[in-house]
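Understanding the architecture of this molecule
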Amino acid sequence: MRYSVIIPVYNRPEEVRELLDSLTKVSYKSFEVLVIEDGSTITCEHVVHEFENRLDLSYFRKENSGQGFTRNTGFEKAQGDYYVVFDSDCIIPSDYFDAVNQKIAQTGSIDCWGGPDRAHPSFTSIQKAINYSMTSVFTTGGTRGSHMHIGTYFPRSFNMGVSKEVYEETGGYKITRMGEDLEFSIRIQNSGYQIHYIDDAFVYHKRRTTFSQFYKQLFFFGRARVNIWRFHPRQLKVIHLFPSLFLTGFLYGITGTLFDFPAAQTLMSFYGIFVVILFIDSFRSENSFEVAYLSALSGFIQLIAYGAGLLSELLKGKSIYQEVRS
């Protein structure tokens, strides 16, 4: 079995260096790597050259078009049986492909798979806190997919694999951003293909390194959920509105406490309980008071930012995001 690893990158050469270095340590060696530079002004070409003798590696440059269409470029050039997409800010464990191969051996074949993300020991406390928020069942992480996920599992493109047949049947990504990976996963399922969650096929996902970056990212994710609804109307459910309710309730509680609105203080007590739950659960998993404290903060930021993004996009009406492949 041969894999084609596809890495879209935009202005992140040092992240690509860490990712490629981790791929040199992968135990299963039957894979190629395609790095697709998406119109970067700070390219990673010099980094790729460092690994040319250590990996079956190809490098391509193209005009900027967004991550979805950049991944399609990789699909078009791939030679493997399966196409694996990683974000440039991931680090890959040495046994990643062993876990995928084991799943293929158990099932006979796989159409599409995804796996979780975890915090690497080298991550900063903020990165570990953000990782907790993005994977916790107490936040929107509970809708993103894990053994405890809420609703149907759909892989995300930081860690996702598809067979060559799936790509040829679906045509890859149809939108270039604003939920492009979720839209692709939904179409894969709607085409009758089976999607598998492989818990042991995890990656270390670095994500954002500051809370301001994290807020902007989650605000965008909230907007993306509405964009998905424009293409797939059944994919906006009550659970996805929870962050917006969380935001409006919090604003009411803050304002109501100042102006003595009914039940405002009682409402704020529930937010206090929520913070305590995040702190305890994060401490249980990370065994760090610092990470637990930051996790309580990142959990709040995540829900407020996602809720604000979703509401802002809903208020724009039904204009479909324009970067769509015909």
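Please read these numbers as outputs of a predicted model, since none were measured by experiment.

Take the layout of surface pockets next. Approximately 1,100 Å³ is the volume attributed to the largest pocket. Taken together, 40 residues form the lining of the largest pocket, with Gln67, Asp87, Arg208, Gln217 and Phe221 sitting closest to its centre. Contributing elements (two or more residues each) for the lining of the largest pocket: β1 (3–9), α3 (67–77), α7 (180–190), α8 (211–231) and α11 (289–314). The element contributing the most residues to the lining of the largest pocket is α8, with 7 residues.

This part is about the sheet that holds strand β2 (residues 31–38). Judged by pairing direction, the sheet is mixed, and its 7 strands sit side by side in the order β3-β2-β1-β4-β8-β6-β9 without closing on themselves. Looking at strand neighbours, the two that pair on one side only are β3 (57–62) and β9 (195–197), the edges of this open sheet. Put simply, the sheet's adjacent strands are angled 20 degrees from each other on average, direction ignored. The sheet contact formed by β2 and β3 spans 6 bridges and is parallel. Paired with Val35 across the strands is Tyr59, a residue of β3.

So, on to the pattern of salt bridges. Following the criterion strictly, the structure yields 18 salt bridges and no others. A salt bridge links Arg118 to Asp199; the nearest nitrogen and oxygen atoms lie 3.6 Å apart. With Arg118 in strand β7 (residues 117–118) and Asp199 in the loop between β9 and β10 (203–205), the pair connects residues that are 81 residues apart, well separated along the chain. Two residues, Arg284 and Asp281, come together in a salt bridge whose shortest N-O distance is 2.8 Å. Placement of the pair is Arg284 and Asp281 together in helix α10 (residues 264–286), with a separation of 3 residues, close to one helical turn. By relative accessible area, which is 61% here, Arg284 ends up exposed. Through salt bridges with shared partners, a single network forms among Arg223, Arg230, Glu313 and Lys316.

The biggest cluster of nonpolar side chains holds 35 residues, and the ones touching the most others in it are Leu20, Leu23, Val33, Val35 and Tyr96. Contributing elements (two or more residues each) for this core: β1, α1 (13–24), β2, α2 (45–50), β3, β4 (82–86) and α4 (96–107). It is α4 that contributes the most residues to this core, 5 residues altogether. Those residues in contact with Val35 that lie beyond four places of it in its chain are Ile7, Val9, Leu20, Cys44, Val48, Leu57, Ser58, Tyr59 and Phe60.

What the 3 strands build is an open sheet, ordered β5-β10-β7; its pairing is mixed. Bordering the open sheet on either side are β5 (90–91) and β7, each of which pairs with just one other strand. Alignment of β5 against β10, held across 2 bridges, turns out to be antiparallel. Each residue of the ladder has a partner; that of Ile91, found in β10, is Tyr204.

Despite not being glycine, Asn11 shows a phi value in the positive range, around 60 degrees. Along the chain, Asn11 turns up in the loop between β1 and α1.

The next subject is the packing of helix α9 (residues 242–259) against α11. With their axes 7 Å apart at the nearest point, α9 and α11 run at an angle of 105 degrees to one another. Classed by the angle they form, the pair α9 and α11 counts as roughly perpendicular. Taking contact as the criterion, the partners of Phe242, Pro243, Ser244, Phe246, Leu247, Thr248 and Phe250 in α9 are, on α11, Phe300, Leu303, Ile304, Tyr306, Gly307, Ala308, Leu310 and Leu311. Classifying every residue of the contact of α9 with α11 by side-chain character gives 12 nonpolar, 3 polar and no charged.

Contact geometry of α8 with α11 gives a least axis separation of 7 Å together with a crossing angle of 40 degrees. The angle between the axes of α8 and α11 places the two elements in the oblique class. Judged by the sense of rotation from one axis to the other, the crossing of α8 with α11 is right-handed. Split by residue class, the contact of α8 with α11 holds 17 nonpolar, 5 polar and 4 charged.

On to the environment of Ala129, then. Structurally, the position occupied by Ala129 is in helix α5 (residues 125–135). The spacing of Ala129 and Leu294 is 165 residues in sequence and 5.6 Å in space, taken between C-alpha atoms. Filtering out sequence-adjacent residues up to four positions away, Ala129 remains in contact with Val291, Leu294, Ser295 and Ser298.

What counts, and where the lines are drawn
- Residues numbered from 1 in each chain as written.
- Predicted model: local features only at pLDDT ≥ 70, side-chain atom pairs only at ≥ 80, totals over all residues.
- Heavy atoms only, no water.
- 1 Å grid on protein atoms, 1.4 Å probe; cavity = no way out; pocket = protein on both sides within 12 Å on 5 of 7 lines; lining within 4 Å.
- Points joined across faces, edges and corners; volume = space filled by probe spheres on them.
- Helix = DSSP H or I, 4+ residues; strand = E, 2+ residues; numbered from the N terminus.
- Pairing = 2+ DSSP bridges.
- Axes fitted to C-alpha atoms, helices over the stretch in contact; angles between N-to-C directions.
- Salt bridge = Lys/Arg side-chain N within 4 Å of Asp/Glu carboxyl O.
- Buried < 20%, exposed > 50% of the residue type's maximum accessible area, 1.4 Å probe, protein only.
- Core = buried A, V, L, I, M, F, W, Y, C linked by side-chain atoms within 4.5 Å.
- Contact = heavy atoms within 4.5 Å.
- Parallel < 35°, antiparallel > 145°, perpendicular 65-115°, else oblique.
- Nonpolar A, V, L, I, M, F, W, Y, C, P; charged D, E, K, R; others polar.
- Left-handed = near helix turned anticlockwise from the far one by under 90°.

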